[in-house]
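# What the coordinates show
The primary structure of each chain is shown beneath.
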Amino acid sequence: MYPTVRAVAAAFFIFLFLGSFIAVEAGALYEAPDPLSKTTTVDDEQDTEEVTARVARVSFVSGDARIRRSGSDEWENVTLNLPVVEGDEIATEAGARIELQLAKDQHLRLEENSSLKLVTYTDEGIALSLSLGTMHLKVRTFDKDKTFFEIDAPKTTMALQSAGSYRIDAGNVGDKEIRIASITGEIRVYTENAGFTLKSGRRARLFVDGPTQGEWETGDAMASMDEFDRWASTRDEAIALRLGESYYDKYYDDDIYGADDLNDNGQWIHTRDYGYVWRPYSSAIRSYSDWSPYRYGHWRWLPPFGWTWVNDEPWGWATYHYGRWFYHNGYWNWSPYGYYRSSRSWWRPALVVITVFRNNICWYPLTYHQARVNFNRQYHRRDNNGRNNQNAGPVLPVRGTGGRVPIEIVPVGGVVGVDTKDFGKRGREIRRMPREVAETVIAAKTNDAAPQLPKRDEVGKNLGRDILAERPTRDIAAAQARVGTMKRTGDEPLDKELRTTRILGGRSLRAAPTTDISGPDTRPAVTESRPTGIFERPTPARVRPKVDAPAERTPVEPQRQPSPTENVVRQRQPPTVRVTPRQEPPPESAKPKRDPAPVRQSPQREPPAAAKPRDTEPRAKETLKSAPAPAKESPKPVRRPDAPSKKADPIT
């Protein structure tokens, strides 16, 4: 019997060895996908939502905050992880605070009694309108040459010039001043008739009304910090810590903002079939009974997307709007990407399959190998006039399943739903569907006709106070009427135009001198005056030098040389031409008395020949200065000693 036991043991070990070898070989044939690889990309036109607008999220809320969607007159309650899009307006009541995450590293906070509107929110830039209250802005990365970030306040427009922390106090209706602080960074401030730049660590008190309108005072930014600044600083420190421990550009890209919240609520594990995936801690889901993805939350109408999932889990923003949830080895896991990927991680209202079955609206998470399913396509296929929109994209089927989801991929416990009349209402219990219903829903084709979901107007009649809110107590419309320095048209920034009109006055700055440093400068040094001013002044057409005229004296006309005919005439008439004084001055008694004022002298000429003093009586002929000098007498010959005398001999 002993040899038989040995043979069985040997066979068992051989079986284990062969099984391990087969598993290793099978694993070698399958390579886990790289989280950031794009080898399984599909055409963007097929895997991109019909709407690709940017979406911000409410990452913190405390107290009573309300939101009004673009084009609507209704106000709704703000909740955690609520999506916010361009055109939305948010108002906080007394004692409330709210934080918006605009991007991975951009966070905006509102103090109580504030009103903010997202005027422009695109990939090219952001423009906000703060009509009331106080705002704190933290921007960790910013390049003004690639994008813009502008803020309109009462009769003021501000444009960020660099990353940093900024605070803006718009005040209340009727206030005559606002306050701006550049805690770190640099921001450019424009009024209705001027502009200036606020440097890091400085604050400005700007007068927007009254006799001092347009003037400002500056000071130290840290001198006026209060409890709101300290709270914002605490939030910045916590976010910076999470960002430092996040896995951006490793497991997920920058477009999946909010993924840094996952670090404290789950762990990243490596799987052979899916690569690195995230699995929530049991402590993160312990407070939810029979937790499963897309069960704890509610549906909210979000123009222009349609029905959108708003989750209750504080960490679930990224997991419900990007990637895929799938059930594997007895756990729910989340992958930042599915098998089919586009060139960019697009935000989506929800990644689920929705089916209407027996007066129930049921849904379950999309699987890893399942492409996009647009349950809002009936809404997207209609324009504002209710006509069909032919631009709505198709629904892609599950890979290799002929349009059916294998029942073993989605557990029956992952199918949840509500009664049709309760869809879109907050506070209604979302329950698990019975097994027979779940199996039917899972087996249904995903490329069938879009589900007939309730319209927003139908649900809005019975939303109740869980979603609908009363109008704010302050006159927001009156406050918005005086915001900004000029009206915005389109999504273009105003910084360049305001700088030209408010600061430069339509002129161009003086061009900076350029120096050629390619080689040594062998030119002689030239001493030039230091340029002044910031503008290039235009050169006048003609510059006439200014000459000081002699005091109480008529300038002397330049004399010309007279002709012989004129000399003859002057012999008959008294001389009327002013004569230039000769080289020999007259006696002191004969000198005329002159005005002590300085007289501009004519250029020196050659001195005339010596002449006798002028007689008092007029002469028949006057020799002018320009007349030629008389010829000199020939010198007498010098007698030599041996030369005979020219004197005549005496007559003998």
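Here, the structure is the one placed above.
Throughout what follows, the structure given in this document is the object of discussion. This structure is a prediction, so every number in the text was calculated from the model and none was measured.

Looking now at the overall build of the chain. Counting its regular elements, the chain contains 11 helices and 28 strands. A total of 652 residues make up the chain; the buried ones form 42% of that total. Put simply, of all contacts in the chain between residues at least 6 apart along the chain, 63% involve residues at least 24 apart. About 39,100 Å² of surface is accessible on the chain, with carbon and sulfur atoms providing 51% of the total.

The next thing to look at is helix 10 (residues 495–503). For helix 10, the full list of buried residues reads Asp-495, Leu-498 and Arg-502. Projected down its long axis, helix 10 carries its buried residues within an arc of 65°, all on one side. Of the residues trailing helix 10, Gly-505 is marked for its positive phi of about 65°.

Moving on, we come to the environment of Gly-413. The residue Gly-413 is located in the loop between helix 6 (377–380) and strand 26 (416–419) in this model. Taking C-alpha positions, Gly-413 is 7.9 Å from Arg-435, a pair spaced 22 residues apart along the chain. Look past the residues within four positions of Gly-413 in its chain and what remains in contact with it is Ser-292 and Arg-432.

This paragraph deals with the sheet that holds strand 24 (residues 352–357). What the four strands build is an open sheet, ordered 24-25-26-27; its pairing is antiparallel. Strand pairing shows two members of the sheet lacking a second neighbour, strand 24 and strand 27 (431–432), which therefore form its edges. Pairing between strand 26 and strand 27: two bridges, direction antiparallel. Across the sheet, residue Val-416 finds its bridge partner in strand 27, namely Arg-432.

For Arg-188, the location among the structural elements is in strand 14 (residues 187–190). Overall, the relative accessible area of 12% leaves Arg-188 in the buried class. Among the polar contacts made by the side chain of Arg-188, one reaches the side chain of Gln-161 at a distance of 3.4 Å. Leaving out residues up to four positions away in the same chain, Arg-188 has contacts with Thr-157, Met-158, Ala-159, Gln-161, Phe-196, Thr-197, Asp-495, Arg-499 and Ile-503.

By size, the foremost hydrophobic cluster in this structure holds 63 residues, and its most contacted members are Tyr-294, Trp-299, Trp-325, Trp-334 and Trp-363. If near-sequence neighbours (up to four positions away) are discounted, Trp-334 is found in contact with Ile-256, Leu-262, Trp-268, Val-277, Trp-278, Ala-318, Thr-319, Tyr-322, Gly-323, Arg-324 and Trp-325. Within the second largest apolar cluster, 41 residues are counted, among which are Ala-153, Ala-170, Val-189 and Leu-198.

Pairing of strand 14 with strand 15 (residues 195–198), which is carried by four bridges, proceeds in the antiparallel orientation. Bridging from a neighbouring strand, Val-189 pairs with Phe-196 of strand 15. The turn linking strand 14 back onto strand 15 is made up of four residues.

Another point: helix 3 (residues 227–244). End to end, helix 3 covers 26 Å across 18 residues, agreeing with the expected 26 Å (1.5 Å per residue, within 8%). Those residues of helix 3 that sit buried are Phe-228, Asp-229, Trp-231, Ala-232, Arg-235, Asp-236, Ile-239, Arg-242 and Leu-243. Summarising the axial view, the buried residues of helix 3 lie within an arc of 160°, below the 170-degree limit, and thus occupy one face. Residues of helix 3 that are exposed and point more than 90 degrees away from the buried face comprise Thr-234, Glu-237, Leu-241 and Gly-244. Turning to helix 3, the residues buried within the fold contact strand 1 (56–62), strand 6 (97–103), strand 7 (106–110), strand 9 (125–139), strand 12 (164–171) and strand 13 (177–184). Where helix 3 begins, the side chain of Asp-226 points an oxygen toward the backbone nitrogen of Phe-228, at a separation of 3.3 Å.

Cut-off values and rules
- Residues numbered from 1 in each chain as written.
- Predicted model: local features only at pLDDT ≥ 70, side-chain atom pairs only at ≥ 80, totals over all residues.
- Heavy atoms only, no water.
- Helix = DSSP H or I, 4+ residues; strand = E, 2+ residues; numbered from the N terminus.
- Buried < 20%, exposed > 50% of the residue type's maximum accessible area, 1.4 Å probe, protein only.
- Contact = heavy atoms within 4.5 Å.
- Areas by Shrake-Rupley, 256 points an atom, 1.4 Å probe, with all protein chains shown as cover.
- Arc of directions from axis to C-beta.
- Pairing = 2+ DSSP bridges.
- Polar contact = N/O pair within 3.5 Å; in protein donor to acceptor, adjacent residues only side chain to side chain.
- Core = buried A, V, L, I, M, F, W, Y, C linked by side-chain atoms within 4.5 Å.
- Expected span 1.5 Å × (residues − 1).

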